[in-house]
Amino acid sequence: MTTLRYGDTAPDFALLDQHGQTVGLKDYRGRRVLVYFYPEADTSGCTTQACDLRDHRQDLAQLGLDVVGISPDPPPKQLAFDEKYGLGFPLLADEDHAVAETWGAWVERHRGGHTYFGILRSSFLVDEEGRIERAWSPVTPEDTVPNALAVIAA
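Not measured: the values here are computed from a predicted model.

This part is about the pairing of strand β9 (residues 132–136). Moving residue by residue along a regular strand, the side chains alternate between the two faces of the sheet. Both strand β8 (residues 122–126) and β9 contribute to a ladder of 4 bridges, which runs antiparallel. Looking at β9, one finds that Val-126 is bridged to Ile-132. Linking β8 back to β9 in an antiparallel pair, the connection comprises 5 residues, with Gly-130 at a positive phi of about 85°.

For Arg-32, the position within the fold is in strand β3 (residues 32–37). The class for Arg-32 is buried, based on a relative accessible area of 15%. Reaching out from Arg-32, the side chain makes a polar contact with the side chain of Glu-133 at a distance of 2.3 Å. The residues contacting Arg-32, other than those within four sequence positions of it, are Gly-64, Leu-65, Asp-66, Val-126, Asp-127, Glu-128, Glu-133 and Ile-152.

Here the focus is helix α3 (residues 75–85). For α3, the full list of buried residues reads Pro-75, Gln-78, Phe-81 and Asp-82. The buried residues of α3 occupy an angular sector of 120° when the element is viewed end-on, so they sit on one face. Relative to its buried face, α3 has exposed residues pointing more than 90 degrees away, namely Pro-76, Glu-83 and Lys-84. For α3, the elements touching its buried residues are β1 (14–16), α1 (44–55), β4 (65–71) and β5 (91–93). Positive phi shows up at Gly-86, right after α3, with a value of about 55°.

Let's shift gears to the pattern of salt bridges. Scanning the model with the defined rule gives 6 salt bridges in all. Note that Arg-32 is salt-bridged to Glu-133, the shortest N-O span being 2.3 Å. One end of the pair, Arg-32, is in strand β3; the other, Glu-133, is in strand β9, with 101 residues separating them in the sequence. Here the residues in one salt-bridge network are Glu-40, Asp-73 and Lys-77, joined through shared partners.

Our focus in this paragraph is unusual backbone geometry. Omega for the peptide link from Ser-137 to Pro-138 comes to 5°, which places this bond in the cis form. Within the fold, Pro-138 resides in the loop between β9 and α5 (144–152). Residues other than glycine seldom take positive phi values, yet Asp-42 does so here, at roughly 65°. Exposure remark for Asp-42: the relative accessible area of 35% places this residue in the partly exposed category.

We now examine the packing of aromatic side chains. Considering all chains together, one arrives at 8 aromatic pairs under this definition. Between Phe-37 and Trp-103, the ring centres sit 5.8 Å apart and the planes meet at 50°, which makes this aromatic pair tilted. With Phe-37 in strand β3 and Trp-103 in helix α4 (residues 98–103), this pair connects stretches of sequence that are 66 residues apart. The pair formed by Phe-37 and Trp-103 is uniform in burial state, with each residue classed as buried. Ring centres 5.1 Å apart and planes at 70° place the aromatic pair Trp-103 and Phe-124 in the edge-to-face group. In this pair, Trp-103 is assigned in helix α4 and Phe-124 in strand β8, connecting sequence segments 21 residues apart. What makes Trp-103 buried here is its relative accessible area of 1%. Take Phe-124: its relative accessible area is 2%, and that puts it in the buried class. Linked through ring pairs, Tyr-36, Tyr-38, Phe-81, Tyr-85 and Phe-89 together constitute an aromatic cluster.

How each quantity is defined
- Residues numbered from 1 in each chain as written.
- Predicted model: local features only at pLDDT ≥ 70, side-chain atom pairs only at ≥ 80, totals over all residues.
- Heavy atoms only, no water.
- Pairing = 2+ DSSP bridges.
- Helix = DSSP H or I, 4+ residues; strand = E, 2+ residues; numbered from the N terminus.
- Buried < 20%, exposed > 50% of the residue type's maximum accessible area, 1.4 Å probe, protein only.
- Polar contact = N/O pair within 3.5 Å; in protein donor to acceptor, adjacent residues only side chain to side chain.
- Contact = heavy atoms within 4.5 Å.
- Arc of directions from axis to C-beta.
- Salt bridge = Lys/Arg side-chain N within 4 Å of Asp/Glu carboxyl O.
- Phe/Tyr/Trp six-rings, centres within 6.5 Å; stacked < 30°, edge-to-face > 60°.

This is a description of form; function is not addressed.
Below you can see the structure in the form of structure tokens.
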């Protein structure tokens, strides 16, 4: 499993967003971006996390931080999630979980005596030059925004 740390070059990606447009990490060069991985659109924890990011989007933007969410959900499900909650930031479809694997967010999970692979809820602060400034893995839905604000407001 990949473990991204401070100073590592953030792995590039180019994925379809909820509107069918290709969004890549290189699109954010010159700006900080919070890249967060979530298990499934419109589930309780993912909704809590996304709505908290939505509610703080203006504060984050004023501090020069963009937000990009990534999950294995296809673009239509991402679009429904965005429209239902008015999220307003890119939600990217990593349907084959290749990007999540590269970022270390696709891991072996255990629940109820079963083993499976899935998303480890994670967030990564990427600096203006495309390097990892901070990584939180795992991260709780409620801690995503406070963690990012603590770093960028410092």
